[in-house]
Amino acid sequence: AQKITQTQPGMFVQEKEAVTLDCTYDTSDPSYGLFWYKQPSSGEMIFLIYQGSYDQQNATEGRYSLNFQKARKSANLVISASQLGDSAMYFCAMRFIMLSNFGNEKLTFGTGTRLTIIP
Amino acid sequence: DVKVTQSSRYLVKRTGEKVFLECVQDMDHENMFWYRQDPGLGLRLIYFSYDVKMKEKGDIPEGYSVSREKKERFSLILESASTNQTSMYLCASLPGGGAYEQYFGPGTRLTVT
């Protein structure tokens, strides 16, 4: 079974500092993907970044990077130079393909980390 | 831009009522999903559909059913609402062909009293 663990329920970070949000995962499938989504107080889920299990390099999207350590089964999100608008709930999620079900896929989410940026 | 809409942002229903939550996407996506979100539990998959009239159980299907009569519309049905179904419900869609990003609707906050 697939499992995502986010051990930080909440974090407070000073504006302009870098932030690392932790995510570990467990799966026996060789092919999977890892996501980070942001959920502001308005409630919508915003896709931030994706890393495939076979990708050799860590994914980056602007101020976001995913620190993928396959052997340790971790996929931490790094936000450089944090801004007040980064205050939100952040979810790590894992995608896996159900080969026994026509290749359909599903996501498993972690419990989330609430990030608060302090001015 | 992909747009996923949900019929209501807020809904209040009584115990025992039949509840319909509607989700519509405008990008011809094959796959659609229903999640519920609870504090401390993250998002959990209720049901998903990879084609019209096709449905698959997710991780917590008990107490729910779904309907997908048209490609763009995926309905979540609570046959007899209970207080433990008070939650935020999120719908998402995903194109076929190996795409990985799910597009989420704004969510419906359902309260069952």
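Above this text sits the structure in question.
Residues numbered from 1 in each chain as written. Chains lettered and ligands numbered in written order. Predicted model: local features only at pLDDT ≥ 70, side-chain atom pairs only at ≥ 80, totals over all residues. Heavy atoms only, no water.

Peer 1: Whenever I open this one, unusual backbone geometry confuses me. Can you help?
Peer 2: Residues other than glycine predominantly adopt negative phi, and peptide bonds predominantly adopt the trans conformation. Residue and element names in this part refer to chain B. For Asp-28, which is not glycine, the phi dihedral falls at a positive 60°. Counting through the fold element by element, Asp-28 comes out in the loop between strand S3 (19-25) and strand S4 (31-38). One non-glycine residue, Lys-53, lies in positive phi territory at about 65°. Tracing the backbone shows Lys-53 in the loop between strand S5 (42-49) and strand S6 (56-57). Among the residues examined, Lys-53 registers a relative accessible area of 58% and is labelled exposed. (Helix = DSSP H or I, 4+ residues; strand = E, 2+ residues; numbered from the N terminus. Buried < 20%, exposed > 50% of the residue type's maximum accessible area, 1.4 Å probe, protein only.)

Peer 1: Just to check I follow, could you spell out the side chain of A:Thr108 for this structure?
Peer 2: Residues and elements named next belong to chain A. Topologically, Thr-108 is positioned in strand S11 (residues 104-109). Assessed through its relative accessible area of 14%, Thr-108 is described here as buried. When residues no more than four places from it in sequence are discounted, the contact partners of Thr-108 are Gln-2, Ile-4, Cys-92, Ala-93, Met-94 and Phe-96. (Contact = heavy atoms within 4.5 Å.)

Peer 1: Before we go on, may I ask you to explain the nonpolar core in this structure?
Peer 2: Side chains that are nonpolar tend, in soluble globular proteins, to be buried together. The biggest cluster of nonpolar side chains holds 25 residues, and the ones touching the most others in it are A:Leu34, A:Trp36, A:Ile49, A:Leu77, A:Tyr90 and A:Leu115. Elements with a minimum of two residues in this core: strand S2 (10-14), strand S3 (19-21), strand S5 (32-39), strand S6 (46-52), strand S8 (64-69), strand S9 (74-79), strand S10 (88-98) and strand S12 (113-118) of chain A. Top contributing element to this core by residue count: S10(A), with four residues. One finds B:Met32, B:Ile46, B:Leu110 and B:Val112 within the second-largest nonpolar core, a separate group that totals 20 residues. (Core = buried A, V, L, I, M, F, W, Y, C linked by side-chain atoms within 4.5 Å.)

Peer 1: Could you clarify how one ought to interpret the pairing of strand S8 (residues 73-78) of chain B in this entry?
Peer 2: A regular strand places its side chains so that they alternate between the two faces of the sheet. Residues and elements named next belong to chain B. Counting buried positions along S8 yields five of six residues, so the element is predominantly enclosed. One ladder, built from six bridges, connects S3 with S8; its direction is antiparallel. When the bridges of S8 are listed, Phe-20 appears paired with Ile-77. Turn length for the strand S7 (residues 65-70)-S8 hairpin, with the two strands adjacent in sequence and antiparallel, is two residues. (Pairing = 2+ DSSP bridges.)

Peer 1: What am I meant to see in the packing of aromatic side chains here?
Peer 2: The geometry of an aromatic ring pair comes down to the distance between the two centres and the angle between the two planes. Here the structure, examined in full by the defined rule, presents 18 aromatic pairs over all chains. Arranged with centres 6.2 Å apart and planes meeting at 45°, the rings of A:Phe47 and B:Tyr100 form a pair that is tilted. Of this pair, A:Phe47 sits in strand S6 while B:Tyr100 sits in the loop between strand S9 (87-94) and strand S10 (103-104), placing the two residues on different chains. When its relative accessible area of 21% is taken as the criterion, A:Phe47 is described as partly exposed. Note on A:Phe109 and B:Phe104: the rings are 6.3 Å apart at their centroids and 80° apart in plane angle, and the pair reads as edge-to-face. One end of the pair, A:Phe109, is in strand S11; the other, B:Phe104, is in strand S10, on a second chain. Grouping residues by exposure puts A:Phe109 and B:Phe104 together as buried. Between the NZ or CZ atom of A:Arg63 and the centre of the ring of A:Tyr64, over which it lies, the distance is 5.6 Å. (Phe/Tyr/Trp six-rings, centres within 6.5 Å; stacked < 30°, edge-to-face > 60°. Lys NZ or Arg CZ within 6 Å of the ring centre and 35° of its normal.)

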